[in-house]
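# Fold and geometry: a report
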Amino acid sequence: MRPEDFDFIAKLLKDRSGLVITRDKAYLLESRLTPVARKRGLKGLDDLVASLRTAGEDLLREVTEAMTTNESFFFRDIKPFDQFKDVVLPAMLKTRAAKKSFRIWSAASSSGQEAYSLAMILKEEAPKMPGWRVEIVGTDISNEMLEKAKAGLYSQFEVQRGLPIQLLVKYFKKNNEMWQIDPSIRAMVQFREYNLLHDLKSLGQFDVVFCRNVLIYFDQPTKGRVLDNISKIIPDDGFLYLGGAETVLGISDKFKPIPEQRGIYCRNLGGASAAPSGFGGVR
Amino acid sequence: MKSCLIVDDSKVIRMVARKILHELSFTTVEAEDGQQALDRCKEALPDAVLLDWNMPVMNGIDFLRELRKLPGGDKPVVVFCTTENDIDHIQEAITAGANEYIMKPFDSEILQAKFSQVGLL
Ligand SMILES: C[S@@+](CC[C@H](N)C(=O)[O-])C[C@H]1O[C@@H](n2cnc3c(N)ncnc32)[C@H](O)[C@@H]1O
């Protein structure tokens, strides 16, 4: 691939999705974009780049989507979901007792496993929270993944990565070779397209934000910008989750880690209190 | 080191499972059917059992029911590992006291995920 072609695609991807692709990862362009080229009747990557230079929105979007990494699984890393049940949810029940509602955002929801894991926890905990309304919103830049998430259909391999067997039996039905999540769980989550690089205000406020395993693809300034934008839609006593390989430290001063709760962050309101009020689980 | 009893009538599956479990730092014992497995358990209870369903002499579900009746037989963590992949079988296994359930084909990633879910890792 010619250097100017590489630079052109790299810039396109960074502008559209934040994805940083370095020269040593050029093979990723080959492996993921050659199928896109073929589908359009183009010979290969070179022809694809040529048409990209004059392409309309459809092709640009398709290329951007094709370059996303969508791996996800139910209850990924387990711990964050245990923390949600044992620490974050009790804090919400306490601080939101007056209005009996709160909102959760799965900010790069991919095929939906993260959002549905949270929905299943809430369903299991429902007896403890009569009359509560919890809204879960899953967003992603990839329409293909959003469609999969909405359908709630997973392969045998996917339902075996992280999903406890009791929950499989309880909330899934076998549909030929696939497993489909129960309509009652599906109804708890709304999925819609949203680009994290855009202004997030139109999404409204979220009390708990899961933004896991997506910042790793961005460079430092982009990470910082996204975290700052997220801070504008999280209330002072809200929670932010990042992935196992991600942190706010050295990237954004809008958040700070919560002591003893690895992976969870709260707003950094000038160093006064160590944790949001109503946060009784720690210490 | 934790111990795992591998119960499967296929030599190949036992070998694959053994290899993965050794990588996860388990000591392993093997049995070709439920009866052999029960005999092993009467000698010494393992921490975990990786259990096939369809086997000659005594099948996996009958073994599990017998195991749970042994003194201390509620302790071993039992993970089914079988080609039976319909809800009825899974439900029956849970009712009989299985802790987790793997649908074949499986790989080291699935086995590892399931073992950590039940607290074996
Ligand atoms: C590896 S998945 C993470 C899924 C899930 N959060 C988890 O931790 O398992 C990353 C997702 O981020 C999405 N993504 C990448 N860039 C994005 C952007 N700028 N805006 C929204 N989503 C984006 C991708 O489409 C992909 O589905």
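Residues numbered from 1 in each chain as written. Chains lettered and ligands numbered in written order. Predicted model: local features only at pLDDT ≥ 70, side-chain atom pairs only at ≥ 80, totals over all residues. Heavy atoms only, no water.

Under an unreviewed UniProt entry, chain B has the name Response regulator and belongs to Magnetospirillum aberrantis SpK.

In the nomenclature of an unreviewed UniProt entry, chain A is known as protein-glutamate O-methyltransferase of Magnetospirillum aberrantis SpK. Per UniProt, chain A has the following entry under Catalytic activity (unreviewed entry): "L-glutamyl-[protein] + S-adenosyl-L-methionine = [protein]-L-glutamate 5-O-methyl ester + S-adenosyl-L-homocysteine". (UniProt positions renumbered as here; feature names shortened; annotations may be inferred.)

Now for the packing of helix α5 (residues 79-95) of chain A against helix α6 (residues 113-125) of chain A. Residues and elements named next belong to chain A. Two elements in contact, α5 and α6, have axes separated by 10 Å at closest approach and are oriented at 50°. When the axis of α5 is compared with that of α6, the two are oblique. The two elements α5 and α6 cross, and the hand of that crossing is right-handed. Residues F81, F84, K85 and L89 of α5 pack against E114, S117, L118, I121, L122 and E125 of α6. For the contact of α5 with α6, the residue count by class is six nonpolar, one polar and three charged. (Axes fitted to C-alpha atoms, helices over the stretch in contact; angles between N-to-C directions. Helix = DSSP H or I, 4+ residues; strand = E, 2+ residues; numbered from the N terminus. Parallel < 35°, antiparallel > 145°, perpendicular 65-115°, else oblique. Left-handed = near helix turned anticlockwise from the far one by under 90°. Contact = heavy atoms within 4.5 Å. Nonpolar A, V, L, I, M, F, W, Y, C, P; charged D, E, K, R; others polar.)

Moving on, we come to the domain arrangement of chain A. Residue and element names in this part refer to chain A. Looking at chain A, the domain boundaries give domain 1 (3-68) and domain 2 (79-267). Computed over C-alpha atoms, the centres of domain 1 and domain 2 are 29 Å apart. Taken residue by residue, the interface counts 11 residues in domain 1 and 11 residues in domain 2. Interface area, domain 1 with domain 2, both sides summed: about 800 Å², of which 50% is carbon and sulfur. In this structure, the connection of domain 1 to domain 2 is made through two salt bridges. Joining domain 1 to domain 2, the criterion identifies six residue pairs in polar contact (both at pLDDT 80 or more). Where the side of domain 1 that touches domain 2 is concerned, the elements lending two or more residues are α1 (3-17) and α4 (57-66). (Domains from an automatic or database assignment. Buried area = accessible area lost by both parts, 1.4 Å probe. Salt bridge = Lys/Arg side-chain N within 4 Å of Asp/Glu carboxyl O. Polar contact = N/O pair within 3.5 Å; in protein donor to acceptor, adjacent residues only side chain to side chain.)

Residue and element names in this part refer to chain B. Bridge count between strand β1 (residues 2-7) and strand β2 (residues 26-31): six bridges; the pairing is parallel. Within β2, the residue paired with L5 across the bridge is V29. For the segment spanning β1, helix α1 (residues 11-23) and β2, crossover handedness is right-handed. (Pairing = 2+ DSSP bridges. Right-handed = clockwise from strand over helix to strand, strands pointing away.)

For the rest of this paragraph, the subject is the site of the ligand. Residues and elements named next belong to chain A. Near the ligand there are 21 residues, and of these S72, R76, D140, L196 and N213 occur at the shortest range. One of the backbone N or O atoms of L196 is found 2.9 Å from a nitrogen atom in the ligand. In the environment of the ligand, an oxygen atom lies 2.8 Å from a nitrogen or oxygen atom belonging to the side chain of N213. Residues belonging to the shell around the ligand are distributed by class as follows: seven nonpolar, nine polar and five charged. (Near = heavy atom within 4 Å.)

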